[in-house]
Amino acid sequence: MLNKRPTLVILAAGMASRYGSAKQVDGFGPNQEKIIDYSIYDAIRAGFGKVVFVIREEFLDIMKENFDDKLRGKIEVAYAFQDFNLRKFGIDLDIERQKPWGTGHAVMSAEQEIDGPFCVINADDFYGYEAFEKMSQFLQREAADDKMAMVGFEVGKTLSDYGYVSRGVCDVDQNGYMRGVTERTNIYRRYNDQEEHIVYEEHGTEHELAPDARVSMNFWGFTPKVLEVARALFPDFVEKHKENPKAEFFIPDIPDYMVKQGMASCAVLPTSAKWFGVTYKEDKEVVKESIAFLVANGAYPPAVWEAKKQVDASLYLDF
């Protein structure tokens with residue numbers, strides 16, 4: 001399994017309820033490049049050989065229109081659909097919901113397109129080249145059924161100025177391995193006497209987080225073993241939460257279970273890069289300005305799919 005060019009799985013089925021539009025295909029770069037364009041560009045130069053878009057089926061035409069031609073000859077492209085059909089996971093139930101069952105369910109939906117080491121990312125997150133390079137090296141050299149990885153960002157470098165965010169907060173041991181990960185859904189900045197604090201809210205109570213606490217931005221590296229475990233866990237999750245239309249089966253739930261059951265270890269690949277993304281509509285201008293800065297300083301070419309040569313990706317780390 002080692003040295004096989006890894007697959008990039010991009011989760012793009014979200015309804016963008018808070019953002020209010022199809023942000024997966026919104027333009028942010030100088031030539032209307034999308035955030036996904038930069039992720040795929042970074043993945044190709046880091047050595048990934050295939051990209052799988054996990055989408056709602058009604059997005060297929062617009063996604064193919066946006067990506068098929070420009071990626072032809074650069075990387076293999078495939079599509080997988082996340083929907084409400086539980087029977088393909090062996091669950092004989094019809095449960096009415098407005099949204100599918102979350103990111104873990106989305107990864108399971110791509111199972112037929114995955115045949116080796118793979119990485120999972122969000123469509124609307126800008127991670128930077130370092131994350132893809134580190135993950136590609138891990139997947140090609142170290143990944144195994146009992147060894148996973150995630151890229152750990154510093155929580156203070158992942159927040160929005162316009163509202164709360166959700167993050168998987170990691171408990172990391174002294175050797176850089178994850179002991180566990182807990183999904184926190186209400187993280188934001190709080191200012192007391194002009195001092196910045198990062199807090200999360202749970203059951204109406206605020207709890208503080210260290211600015212350098214490592215969090216998951218859904219940048220995970222797995223082998224197909226994780227899909228087998230997810231299939232085993234998902235039916236119990238559905239049964240337990242079938243009356244809760246907002247319950248979600250998160251990706252971190254799966255490696256967290258595997259680590260705590262002694263089934264696998266999970267390396268936390270650290271990065272000091274600043275993440276940015278579009279959680280709220282107001283974030284768009286911040287993302288555009290950030291990308292413009294990176295282009296102006298040579299981290300990316302002005303038009304990523306028309307570049308004559310690769311640029312110096314290390315410049316991203318100066319941002």
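Before any of the text, the structure's been laid out above.
Since the model is a prediction, treat every value here as computed from it, not as a measurement.

### Details of the overall build of the protein chain
Helix and strand content of the protein chain: 7 helices and 13 strands. Here the protein chain has a C-alpha radius of gyration of 19 Å; the compact-globule value for 319 residues is 20 Å, and the two agree. Once the C-alpha set of the protein chain is aligned to its principal axes, its extents read approximately 55 × 50 × 40 Å. A burial count over the protein chain gives 55% of its 319 residues as buried. Sequence separation of 24 or more characterises 74% of the internal contacts of the protein chain that already satisfy a separation of 6 or more. Here the protein chain contributes 38 positively and 52 negatively charged side chains, and the mean placements of these two sets differ by 3 Å.

### Concerning unusual backbone geometry
The phi torsion at His203 lies on the positive side, around 55°, for a residue other than glycine. Tracing the sequence through the fold places His203 in the loop between β9 (195-202) and β10 (205-209). A positive phi is found at Asn218, a non-glycine position, where the angle reads about 55°. Among the secondary structure elements, Asn218 is positioned in strand β11 (residues 214-222). Owing to a relative accessible area of 10%, Asn218 belongs among the buried residues under this scheme.

### A word on the packing of helix α5 (residues 225-241) against helix α6 (residues 253-260)
The N-to-C vectors of α5 and α6 enclose an angle of 95°; their axes lie 10 Å apart at closest approach. Between α5 and α6, the crossing angle belongs to the class labelled roughly perpendicular. The segment α5 lies against α6, with Lys225, Val226, Val229, Ala230 and Leu233 engaging Ile254, Tyr257 and Met258. Here the residues of the contact of α5 with α6 sort into 7 nonpolar, no polar and 1 charged.

### Focus on the nonpolar core
Residues Ile40, Phe48, Phe53 and Met135 are the most contacted members of the largest nonpolar core, which totals 61 residues. Excluding anything up to four places from it in sequence, Met135 contacts Phe48, Cys119, Ala149, Met150, Val151, Phe219, Trp220, Gly221 and Leu269. If you look at the next biggest cluster of nonpolar residues, it comprises 42 residues, including Leu11, Phe249, Met258 and Cys266.

### Some words on the pattern of salt bridges
Taken as a whole, this structure holds 23 salt bridges when the rule is applied. We note a salt bridge from Glu154 to Arg214, for which the minimum N-O separation is 3.8 Å. One end of the pair, Glu154, is in strand β6 (residues 147-154); the other, Arg214, is in strand β11, with 60 residues separating them in the sequence. Put simply, Arg184 and Glu202 hold a salt bridge, and the shortest N to O gap is 3.0 Å. Separated by 18 residues along the polypeptide, Arg184 in strand β8 (residues 178-192) and Glu202 in strand β9 bring together distant segments of the chain. In this structure, a network of salt bridges that share partners links the residues Lys50, Glu76 and Glu113.

### Details of the packing of aromatic side chains
One pass over the full model with this rule turns up 19 aromatic pairs. Ring centres of Phe48 and Phe132 lie 6.4 Å apart, and the angle between their planes is 85°; on these two criteria the pair is classed as edge-to-face. Of this pair, Phe48 sits in the loop between α1 (35-46) and β2 (50-55) while Phe132 sits in helix α4 (residues 129-141), and the two are 84 residues apart along the sequence. Take Phe48 and Phe132: they sit in the same class, and that class is buried.

### Let's talk about the pairing of strand β1 (residues 7-11)
Of all 5 residues in β1, 5 are buried; the element is thus mostly enclosed. Here β1 shows no split at all, with Thr7, Val9 and Leu11 on one side and Leu8 and Ile10 on the other all buried. The pairing of β1 with β2 spans 5 bridges and is classified as parallel. Within β2, the position partnered with Val9 by the bridge is Val52. One ladder, built from 5 bridges, connects β1 with strand β4 (residues 118-122); its direction is parallel. Paired with Thr7 across the bridge in β4 is Phe118.

### Description of the side chain of Thr103
Structurally, the position occupied by Thr103 is in helix α3 (residues 103-109). Ignoring any residue separated from it by four or fewer positions in sequence, one finds Thr103 in contact with Leu11, Asn218, Phe249, Phe250 and Ile251.

The rules behind each value
Per chain, the residues get numbers from 1 upward, laid out in the order the sequence is written. Given that this is a predicted model, residues contribute local features only at a pLDDT of at least 70 and side-chain atom pairs are listed and counted only at 80 or more, while totals for whole chains, interfaces and linings are drawn from all residues. Water and hydrogen atoms were dropped before computing side-chain values, which therefore reflect all heavy atoms in the structure. Helix numbering and strand numbering both begin at the N terminus, where a helix is a DSSP run of H or I of at least 4 residues and a strand a DSSP run of E of at least 2. In this setup the radius of gyration rests on C-alpha atoms only. A globule is expected at 2.2 Å times the number of residues raised to 0.38. Each residue gets one of three labels from its accessible area relative to the maximum for its type: buried under 20%, exposed over 50%, partly exposed in between, using a 1.4 Å probe on protein chains only. The criterion used for residue contact is that any of the two residues' heavy atoms lie within 4.5 Å. By the counting rule applied here, Lys and Arg register as positive and Asp and Glu as negative, while His and the ends of each chain are not counted. Lysine's charge is taken at NZ, arginine's at CZ, aspartate's at CG and glutamate's at CD. To get an axis, a line is fitted to the C-alpha atoms, and for a helix only the part in contact is used. The angle between two axes follows their N-to-C directions and goes from 0 to 180 degrees. Should an angle fall under 35 degrees it is taken as roughly parallel, and over 145 as roughly antiparallel, whereas 65 to 115 is taken as roughly perpendicular and any remaining angle as oblique. In this classification, the charged set is Asp, Glu, Lys and Arg, the nonpolar set is Ala, Val, Leu, Ile, Met, Phe, Trp, Tyr, Cys and Pro, and all remaining amino acids, among them Gly, are polar. Within this scheme, the nonpolar core is defined by two criteria: the residues are buried Ala, Val, Leu, Ile, Met, Phe, Trp, Tyr or Cys, and they are joined through side-chain atoms within 4.5 Å. For salt bridges, the criterion is a side-chain nitrogen of Lys or Arg within 4 Å of an Asp or Glu carboxyl oxygen. Under the pairing criterion, centres of Phe, Tyr and Trp rings, with the six-membered ring standing for Trp, must be within 6.5 Å; the plane angle then separates stacked pairs below 30 degrees from edge-to-face pairs above 60, leaving the rest tilted. Strand pairing is assigned whenever DSSP identifies at least 2 bridges connecting the two strands.

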